[in-house]
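# Per-entry structural report
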Amino acid sequence: MNNLLYKVDDRPPPITTTLLAAQHMLAALGGIIAVPLVVGAVLKLPADQIVALVNAALLGSGIVTAIQCIGVGPVGIRLPCVMGTSFAFVGAAISIGFEHGVPGILGSSLAGSAIMILGSFFMPQIRKLFPHQVTAVVVTMIGLSLVPVAVDWAAGGKGAGANYGDPTNLGIALFVLAVVIVLVQFGKGIVSAAAVVIGIAIGYAVCLFLGLVDFSTVQKAAVFAVPQPLHFGMTFPISGILAMSLAYIVTIVETTGTFMALGSATNTKMKGKLLCRGVLCDGLGSAFVSVLGAPPVSTFAQNVGVISLTGVASRYVVALTGVMLAAAGLFPVFGAVVVTIPQPVLGGAGLMMFAMIIAAGVQMLSHVEHDKRTGLLIAVSVGCGLAVSVRPELLSKLPPFVHEIFGSGISTAAIMAVVLNLVLPDRPAAVVDEDEEDDVPQPMLIRKAG
């Protein structure tokens, strides 16, 4: 079992909770902001509309994160789960936006969320499609898919004017990585648990000293702004609803895999009923943020890496992260300050966090039955997942719906693993009971608590 410093229902001291919550926020903020920025840039929206999308995304993500962690009746998985606007919907959002604008995106998101809401009630059945070997493949693929993101951060980013691979960028990233490793391995208590945020803070200080921090976004940001629900209006194009519904179906698969990884990291039995509450929150949360004026949300896999690295599984810590994200939506200047953190700083910490997910997946794979059938399932699933991850242009000439389903390495690996598990002979299909406890030994953390 994981040697957790704080378990799911533990309440760390206030100062500790704040530091740990900020750590999760730093891991998630870039991804939450990136989706509305990408969609807005591609659709060539005015600056004020892009700002409105960003503010709504932050506020909505924060509120849904808090609900997911604390729970409201049957809604919320009650685990340390960060919610944010998802890249799984970017392709569909852009294609809808070109034809129907932002109102079409939001209306299609609202209507399509019904797929996820209804799908949540079938999670006990879906859970049976994820036996140990399939779960291990998905967890491994989540880490493999995230590492290139950290590498791009470490290299300085791929945006306009970015000096990709500059030795200064790589040096900063390696410095932050080294600091995080030292803090995790040799730190005690809060120092070890907050290794990521401390490492980022030290890296940020170095960048300030070197004059590498750009404060232009802070100067332009409003101090206070309240997102207006239905600010953009809504339309409900049939083609858009179909595209979003397909994206929601793929997201159910990805979210299930992320929840399985979260269960492993937090020592939680991931039963079908628990998955139902989590996916239901995903669906209702996406409907809510659509009304608020932002793209749909889903569970952030990168924050599972934070938990695996630090051993802090308290849901109250991540609930506070939700409050911080909501505050960033109401006080744009707050989010703007965080955005000034240079990407190489985030890359150094991110590489460690995301690689920890790979380590967890590999350790889970080491405990599955090793025979020809399992080896074939793992090889084909991971191979196909990596194929679309490292060469996304592979699908460029195929119909859009194929790209929507298999555009993500995580969903591709998950689908292939599930299908192969069902069709390969010699062993019966997955028969995991929803109340059966996972008997796979949990991956050990590369750290010592205390």
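This write-up is about the structure you can find in this document.

Calculation criteria
- Along each chain, numbering runs from 1 in the same order as the chain's sequence is written.
- Where local features are concerned, this predicted model is filtered to residues with pLDDT of at least 70; where side-chain atom pairs are given and counted, the filter is 80 or more; whole-chain, interface and lining totals use all residues.
- With hydrogens and water stripped out, all remaining heavy atoms of the structure feed into the side-chain values.
- Each Phe, Tyr or Trp ring, with Trp reduced to its six-membered ring, pairs with another whose centre is within 6.5 Å; inter-plane angles below 30 degrees give stacked pairs, above 60 give edge-to-face pairs, and intermediate values give tilted ones.
- What counts as a helix is a DSSP run of H or I of at least four residues, what counts as a strand is a run of E of at least two, and both are numbered from the N terminus.
- Throughout this description, buried means an accessible area under 20% of the type-specific maximum (1.4 Å probe, protein chains only), exposed means over 50%, and partly exposed covers the range between.
- Charge over a ring is defined by NZ of Lys or CZ of Arg lying within 6 Å of the ring centre and within 35 degrees of the ring normal.
- Any two residues whose heavy atoms approach within 4.5 Å at even a single point are treated as in contact.
- All axes are obtained by fitting lines to C-alpha atoms, using only the stretch in contact for helices, and the reported angles, taken between N-to-C directions, cover 0 to 180 degrees.
- Throughout, the term roughly parallel applies to angles under 35 degrees, roughly antiparallel to angles over 145, roughly perpendicular to angles from 65 to 115, and oblique to all others.
- Charged means Asp, Glu, Lys or Arg here, nonpolar means Ala, Val, Leu, Ile, Met, Phe, Trp, Tyr, Cys or Pro, and polar covers whatever is left, Gly included.

It is worth spelling out the packing of aromatic side chains at this point. As enumerated under the stated definition, the model contains three aromatic pairs in all. Seen from their ring centres, Trp153 and Phe354 are 6.1 Å apart, and the 50° between their planes marks the pair as tilted. Note that Trp153 is positioned in helix 5 (residues 132-155) and Phe354 in helix 15 (residues 343-365), a separation of 201 residues in sequence. Judged by relative accessible area, which is 16%, Trp153 ranks as buried. For Phe354, a relative accessible area of 1% translates into the label buried. In this arrangement the basic side chain of Arg11 is found over the ring face of Tyr316, its NZ or CZ atom lying 3.8 Å from the centre.

Next up on the list: the environment of Pro12. Within the secondary structure layout, Pro12 lies in the segment before helix 1 (14-42). Take Pro12: its relative accessible area is 8%, and that puts it in the buried class. For the pair formed by Pro12 and Phe130, sequence separation is 118 residues and the distance between their alpha carbons is 33 Å. In contact with Pro12, not counting residues within four places along its chain, are Tyr6, Thr17, Ser314 and Val317.

Turning to unusual backbone geometry, a few remarks are in order. The backbone phi angle of Arg78 is positive, close to 60°, even though this residue is not glycine. Summarising the element assignment, Arg78 is placed in the loop between helix 2 (47-70) and strand 1 (83-85). Even without being a glycine, Asn267 presents a positive backbone phi close to 60°. Within the secondary structure layout, Asn267 lies in the loop between helix 10 (238-266) and helix 11 (272-292).

Turning our attention to the packing of helix 5 against helix 10. The geometry of helix 5 relative to helix 10 is characterised by a closest axis approach of 9 Å and an angle of 95° between their N-to-C directions. Compared by their axis directions, helix 5 and helix 10 come out roughly perpendicular. Contact with helix 5, carried on its side by Thr135, Val138, Val139 and Ile142, involves Gly257, Thr258, Met260 and Ala261 of helix 10 and no other residues of that element. Partitioned by chemical class, the residues of the contact of helix 5 with helix 10 number five nonpolar, three polar and no charged.

The next thing to look at is the environment of Glu99. Checked against the element boundaries, Glu99 lands in helix 3 (residues 90-119). With 138 residues separating them in the primary sequence, Glu99 and Pro237 have C-alpha atoms 9.5 Å apart.

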